[in-house]
Amino acid sequence: MLRPFRPTIDRLGKNKLGLLIGDVQMRTLPSRKFLSRRDRRGATAVEFAIIVPVFLLLLAGIIEFGQAFRVQHALQNAARRGGRAASLTSSTNTAVTSTVRSDLVSSLGVQSTDVTVTIKVNNNANTSLASAVTGDIIEVTVTLPFTKAGVNFYSNRFSSTTLKAIASYEHE
């Protein structure tokens, strides 16, 4: 048979468990916030070791995609500049190609041989700009491999990716 717990009280009003009886406050076990700094040092190191690689990968991804957006914007500007040059009556394929390549070399610092420029007149890639007449649609396509323009944190993942920009203008 179980009997009810009746603590024995010493002369200070404490029972044998260290709890104060009556109007006096009870003593509790120490909580985690009272642990010493030395006791928490190992936990902090483990948390740091878990979080830092994830944070660095995220940061590298942000930098890499920011660079990709910057390169795409520069490609689009070069394609527009080339399309505008191609729409003029005195333009040639060689002059437009050199305009686009020099623009990308100065803005991105890439090699001119890495940039591919394709000029189409009325969706025909084999036509020269000298044969274009007023009203023809001229399309300038500029491509650049991602590995030539990226920061290369993730170059293995995106090694086959090519950035591309297209601009279409009507010949004047």
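Preceding block: the structure.
Quick summary incoming for the structure in this document.

What counts as what
- Residues numbered from 1 in each chain as written.
- Predicted model: local features only at pLDDT ≥ 70, side-chain atom pairs only at ≥ 80, totals over all residues.
- Heavy atoms only, no water.
- Helix = DSSP H or I, 4+ residues; strand = E, 2+ residues; numbered from the N terminus.
- Buried < 20%, exposed > 50% of the residue type's maximum accessible area, 1.4 Å probe, protein only.
- Core = buried A, V, L, I, M, F, W, Y, C linked by side-chain atoms within 4.5 Å.
- Pairing = 2+ DSSP bridges.
- Axes fitted to C-alpha atoms, helices over the stretch in contact; angles between N-to-C directions.
- Contact = heavy atoms within 4.5 Å.

**Here we look at the environment of Ser98**
Along the chain, Ser98 falls in helix 2 (residues 93-108). The class of Ser98 is partly exposed, set by a relative accessible area of 42%.

**Structural notes on the environment of Ser90**
Mapped onto the fold, Ser90 is located in the loop between helix 1 (37-86) and helix 2. Since its relative accessible area comes to 67%, Ser90 is described here as exposed. For the pair Ser90 and Leu129, spaced 39 residues apart in the sequence, the C-alpha separation amounts to 8.6 Å.

**Some thoughts on the nonpolar core**
Ranked by internal contacts, the top residues of the largest apolar core, which has 27 residues, are Leu75, Leu104, Val142 and Leu144. Breaking this core down by element, the ones donating at least two residues are helix 1, helix 2, strand 1 (116-121), strand 2 (137-145), helix 3 (146-149) and strand 3 (162-170). Ranked by residue count, the leading element in this core is helix 1, at seven residues.

**Quick notes on the sheet that holds strand 3**
Read across the sheet, three strands follow the order 1-2-3 without closing on themselves; strand pairing throughout is antiparallel. Every other strand in the sheet has two partners, leaving strand 1 and strand 3 as the edge strands with one partner each. When strand polarity is set aside, the average angle formed by the axes of neighbouring strands in this sheet is 15°. Note: strand 2 against strand 3, nine bridges, orientation antiparallel. Looking across to strand 3, one finds that Val142 is bridged to Ala165. Sheet strands touched by helix 2: strand 1 and strand 2. Its angle to strand 1, the strand with the most contacts, is close to 145°.

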